[in-house]
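Read off the chains here:
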Amino acid sequence: MSTSIIGASVTRVDGPLKVTGAARYALDHPLENMAFGVPVASTVGSARIAGIETTEAARMPGVLAILHHGNVDPLFRPAGHFEQNSRAGEVRPPFEDDQVYYYGQFVALVVANTLEQAQAAAARIHVDYQPHSSVVELSAAPAPQGPPRIHYTRGDAAEAFDSAPVKIDQTYTIPPETHNPMEMHATIAAWDGDQLTLYETTQGVVNHRHVMSEMLGVPIDRITVISPFCGSGFGGKLFPWPHSLLAAIGARRVQRPVKVQVTRALMFTTVGHRPLTQQRMRLGATQDGKLVFIQHDVLQPTSLVDTYVEGCTGVTTMLYSCANVAASQQLVPINIGTPTPMRGPGIVPGLFPLESAMDELAIQLNLDPLELRLKNYAEQDESYNPVRPFSSKRLRECYQTGAEKWGWSQRTPQMGSMRRNGEMIGWGMATATWHAGRGSATVRVRLNADGTARASCATQDIGTGTYTIFAQVVSEKTGIPIEKIQVVLGDSSLPDGPTSGGSTVTATVLPAVSQATQGVVDRVIAVAQQSPVSPFYASNNTAGGDPSKLAMTAGRIHAADQPPASGVPFQQILAGARLAALDADARTAPDPAEMHQFSAHSFGAQFIEVAWDPDIARLRVSRALTVIDAGRIINKKAGRNQILGAVVMGIGMGIFEETLYDPRNAKPLNNNFADYLVATNADIPDLDCIFVEYPDLHVNEYGARGIGEIGLAGVAPALAMAVWHATGVRVRKLPVRLEELMAAERKVA
Ligand code: MOS
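### Re the nonpolar core
Within soluble globular proteins, side chains that are nonpolar generally end up buried alongside one another. Judged by nonpolar contacts, the single largest core of 95 residues is most densely connected at Leu283, Leu361, Trp408, Ile608 and Val610. In terms of residue count, helix H8 (residues 347–365) provides more of this core than any other element does, ten residues in total. Excluding anything up to four places from it in sequence, leucine 361 contacts Val166, Ile168, Leu283, Ala285, Leu291 and Leu372. Counting residues in hydrophobic clusters, the runner-up holds 49 residues, among them Ala23, Leu447, Val513 and Ala528.

### Some thoughts on the side chain of threonine 727
With respect to the element layout, threonine 727 can be found in helix H17 (residues 715–727). Looking at threonine 727, the relative accessible area reads 4%, which means it is buried. A polar contact of 3.0 Å, which involves the side chain of threonine 727, links it to the backbone nitrogen of valine 729.

### Examining the sheet that holds strand S24 (residues 556–559)
If you trace the three strands from one edge of the open sheet to the other, you get S23-S24-S25, paired in antiparallel fashion. Both edges of this open sheet fall to strand S23 (550–553) and strand S25 (568–569), since each of them pairs with a single strand only. Relative to S24, S23 is paired through four bridges, and the arrangement is antiparallel. Paired with threonine 553 across the two strands is arginine 556, which belongs to S24. Helix H12 (residues 505–530) rests against S23 and S24 of the sheet, and its axis sits at about 125 degrees to S23.

### Focus on unusual backbone geometry
With an omega dihedral of 0 degrees, the bond running from asparagine 385 to proline 386 counts as a cis peptide bond. Along the polypeptide, proline 386 turns up in the loop between strand S16 (380–381) and strand S17 (388–389). Non-glycine residue phenylalanine 95 carries a positive phi angle of around 60 degrees. Checked against the element boundaries, phenylalanine 95 lands in the loop between strand S3 (63–68) and strand S4 (99–100). In this structure, serine 232 takes a positive phi of about 75 degrees despite not being glycine. Mapped onto the elements of the fold, serine 232 is located in the loop between strand S11 (223–226) and helix H6 (242–254).

### Topic: the packing of aromatic side chains
If you walk through the whole model with that rule in mind, you get ten aromatic pairs. Ring centres 5.7 Å apart and planes at 35 degrees place the aromatic pair phenylalanine 229 and tyrosine 467 in the tilted group. In this pair, phenylalanine 229 sits in the loop between S11 and H6 while tyrosine 467 sits in helix H11 (residues 466–478), placing the two residues 238 residues apart along the sequence. For the pair phenylalanine 229 and tyrosine 467, one class covers both residues: buried. With 5.6 Å between their ring centres and 75 degrees between their planes, tryptophan 406 and tryptophan 427 make a pair best called edge-to-face. Of this pair, tryptophan 406 sits in helix H10 (residues 395–406) while tryptophan 427 sits in strand S19 (residues 423–435), and the two are 21 residues apart along the sequence. Both residues of the pair, tryptophan 406 and tryptophan 427, count as buried. Connected via pairs of aromatic rings, a cluster forms that spans Trp406, Trp408, Trp427 and Phe607.

### Considering the packing of helix H5 (residues 205–216) against H6
Between H5 and H6, the shortest axis-to-axis distance is 11 Å and the interhelical angle comes to 55 degrees. On the basis of their axis angle, the class for H5 and H6 is oblique. The handedness of the crossing between H5 and H6 is right-handed. In contact with His208, Met212, Met215 and Leu216 of H5, H6 contributes Ser244, Leu245, Ala248, Ile249 and Arg252. For the contact of H5 with H6, the per-class residue count stands at six nonpolar, two polar and one charged.

### Digging into H8
The end-to-end C-alpha distance of H8 is 26 Å, a good match for the 27 Å that 19 residues give at a rise of 1.5 Å each. Judged by how many residues are buried, H8 sits mostly within the fold: 17 of 19 residues are covered. The first or second residue beyond H8 is asparagine 366, which carries a positive phi of 60 degrees.

### Thoughts on the pattern of salt bridges
The full count for this structure, using the stated rule, is 32 salt bridges. Its salt-bridge partner being glutamate 177, residue arginine 274 comes within 2.8 Å of it at the nearest N-O pair. Here arginine 274, found in the loop between strand S12 (258–261) and strand S13 (277–285), pairs with glutamate 177, found in the loop between strand S8 (166–174) and strand S9 (186–192); they are 97 residues apart in sequence, far enough to count as distant. In this structure, the salt-bridge partner of arginine 274 is glutamate 310, at a minimum N-O distance of 3.5 Å. Note that arginine 274 is positioned in the loop between S12 and S13 and glutamate 310 in the loop between strand S14 (291–302) and helix H7 (314–318), a separation of 36 residues in sequence. In this structure, arginine 274 and glutamate 310 share a single accessibility class: buried. A single salt-bridge network, built from bridges that share partners, covers Arg77, Arg92, Glu96 and Asp97.

### Topic: the sheet that holds S13
Spatial ordering of the open sheet is given by S7-S15-S14-S13-S8, a layout of five strands whose pairing is mixed. Lying at the two open borders of the sheet, with one neighbouring strand each, are strand S7 (150–154) and S8. Pairs of neighbouring strands in the sheet enclose a mean axial angle of 10 degrees, with direction left out of account. Here S14 pairs with strand S15 (residues 325–333) via nine bridges, running parallel. Residue pairing in the sheet places leucine 299 in a bridge with glutamine 330 of S15. Its contacts with the sheet put H8 on S8, S13 and S14, and the angle it makes with S8 is roughly 145 degrees.

### Observations regarding the side chain of glutamate 310
When its relative accessible area of 0% is taken as the criterion, glutamate 310 is described as buried. Reaching out from glutamate 310, the side chain makes a polar contact with the backbone nitrogen of glycine 346 at a distance of 2.6 Å. Beyond its immediate chain neighbours, meaning those up to four positions away, glutamate 310 contacts Arg274, Pro275, Thr277, Gln300, Gln329, Thr340, Pro345, Gly346 and Pro349.

### What about H11?
Given a rise of 1.5 Å per residue, 13 residues ought to cover 18 Å, and the 19 Å separating the end C-alpha atoms of H11 matches this to within 8%. Taking burial as the measure, the 13 residues of H11 include eleven buried ones, the bulk of the element. Every buried residue of H11 is accounted for by Thr466, Tyr467, Thr468, Ile469, Phe470, Ala471, Gln472, Val473, Val474, Ser475 and Thr478. Against strand S20 (441–448), strand S21 (453–456), strand S22 (485–488), H12 and S23 lie the buried residues of H11. The first or second residue beyond H11 is glycine 479, which carries a positive phi of 75 degrees.

Rules and cut-offs
- Residues numbered from 1 in each chain as written.
- Predicted model: local features only at pLDDT ≥ 70, side-chain atom pairs only at ≥ 80, totals over all residues.
- Heavy atoms only, no water.
- Core = buried A, V, L, I, M, F, W, Y, C linked by side-chain atoms within 4.5 Å.
- Buried < 20%, exposed > 50% of the residue type's maximum accessible area, 1.4 Å probe, protein only.
- Helix = DSSP H or I, 4+ residues; strand = E, 2+ residues; numbered from the N terminus.
- Contact = heavy atoms within 4.5 Å.
- Polar contact = N/O pair within 3.5 Å; in protein donor to acceptor, adjacent residues only side chain to side chain.
- Pairing = 2+ DSSP bridges.
- Axes fitted to C-alpha atoms, helices over the stretch in contact; angles between N-to-C directions.
- Phe/Tyr/Trp six-rings, centres within 6.5 Å; stacked < 30°, edge-to-face > 60°.
- Parallel < 35°, antiparallel > 145°, perpendicular 65-115°, else oblique.
- Left-handed = near helix turned anticlockwise from the far one by under 90°.
- Nonpolar A, V, L, I, M, F, W, Y, C, P; charged D, E, K, R; others polar.
- Expected span 1.5 Å × (residues − 1).
- Salt bridge = Lys/Arg side-chain N within 4 Å of Asp/Glu carboxyl O.

Shape is all these values report; function is a separate question.
Here it is as structure tokens:
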């Protein structure tokens, strides 16, 4: 089709439901006889619970039950029984024993008739802690023991570093960052006999169901997880966290539906965060700017209840061509809630040191930073042995398109050399990348005799536009208009679909939607040929008998060699055969041979301008441009929105975001929106985004790779580079702080 709906700018099909308030988020599900669960969270970082005094609370009005480790059977640990999709946020179930491992850990749950009654009673529970000393800061923790979690080498790094004529050796720090989606974590758990329904806000209904089955010890066919809408997740909702289990056991105890909401303050302790990373980056290069050596060593705290690894070094091993590369990552367990993936895990924090060090190297070599990147361009993925070709890589074009559009050639490289209206202007650029994953999915497509279609899958739309791409594919293959296509997601009882993670859903589901649609079209065609009242009934039609001779276009079944207008609407075929509907399922999975033959990644170039006004100590981002090579973009409107939203998040990462913990017990000190700053409208200039579109047919037949995370990848390093260019201050510890810029202001005359 010349005017294909694939690749068009399509308004989200779920938009009207959201803006009218009709969309049901987790807590919006109206259940009869609801009770309210309020967790009690530990106020110490490490302790043994010597006792929990609940007498007073239990007598308070409306209190139905108080649960804690002393009166519930221990839950099971997630076992990973299922081949995939079986991962909890932390492996230790709540109330497992009398130990407290981190500040904010749930130690009790009060269930009452109303939220206020539960809150009031929770405040009267007295927990007797026998505190242990807690280790909260990396600097206070014992040196990591044992082999590193990640260890990578190629070539001879040590020797190459010694002999390299130009060297960079710096340590960069990303602070802990906390996911702050608008919709906080929440669960309603409702038992009907031995059947459990969980109304959740989750990035993975299928995974959630598996984990709940394992940890509650309830057969999986008795659990349903419902999550039709999600007020975003950013990775924080990839895996189930303890509150969901508490809702389930609370509801079982009181025999009523129980609603548990994680408050904004508890969002900072019990549902994951991006961990701090302390990253030493060493680069060695020749005088003309060829990298001869890269070494990237990472220290990362994790919790005592999980072993989450924020894999920062993977990107270092593949982004540039370099013969000698070494990388390692060590975990340091401390008394803190467990970390978890946050948009662009590993790569986003890993790119900050790599791209910052590349800029420092460019300055030392007196080379344009873009030219330095082109000199070290990786034509193939050297992280593999033997090296692998990329499935498709147009990064060079991203750099060039971006530089032209930006006017990069106008840049004067000296720090403080660009000024405008009394402000010092800085320009920075960085590379962005994200791996292009694809998983398996089953999709069901139904054509109804009323002329509508329905596509369903147990995946979910976390705000990215997943509903809409399902409808686009069904519409593309049938010609049924988008508004007549219903998409049903966010229900674990539907055919198994993927977790919304790793920017993989689009690449994963498109082939399944396509095949299922083709499957049901084939069924309608078969009916058209077999139904005596159909104009295409085989005995009426000398060409009949062979399904390939009919086609479906513009919602009509017609002879393949005739225009659609010559045929009949598909619903007429169904009605003639007295069929209310026909459906078809399709399960698709990536081809493992193809996956191993190629290295599939998306790429991008990001350009940032900052303006520093030294008179009033104001730093702002004044321009941002992102050029992305992510294969074919299925929905231009939602795609652009994904990238620009990620850039907003990146500006927050660059100049605002940091979770501050009390060094005595890891109590998050800025656990609210007044003190934990994210970028808001006033911080955001005009943003632009360009897609360099080359369909990547090795990933799927649509040529689409994911775009959820890549837009964040290069923002912070480009921003730090722009800050250096404007002010002469090199920020190696995020976020950029005005204090540092003020203290060093004299650097630029
Ligand atoms: Mo993403 S951190 O896989 O939601």
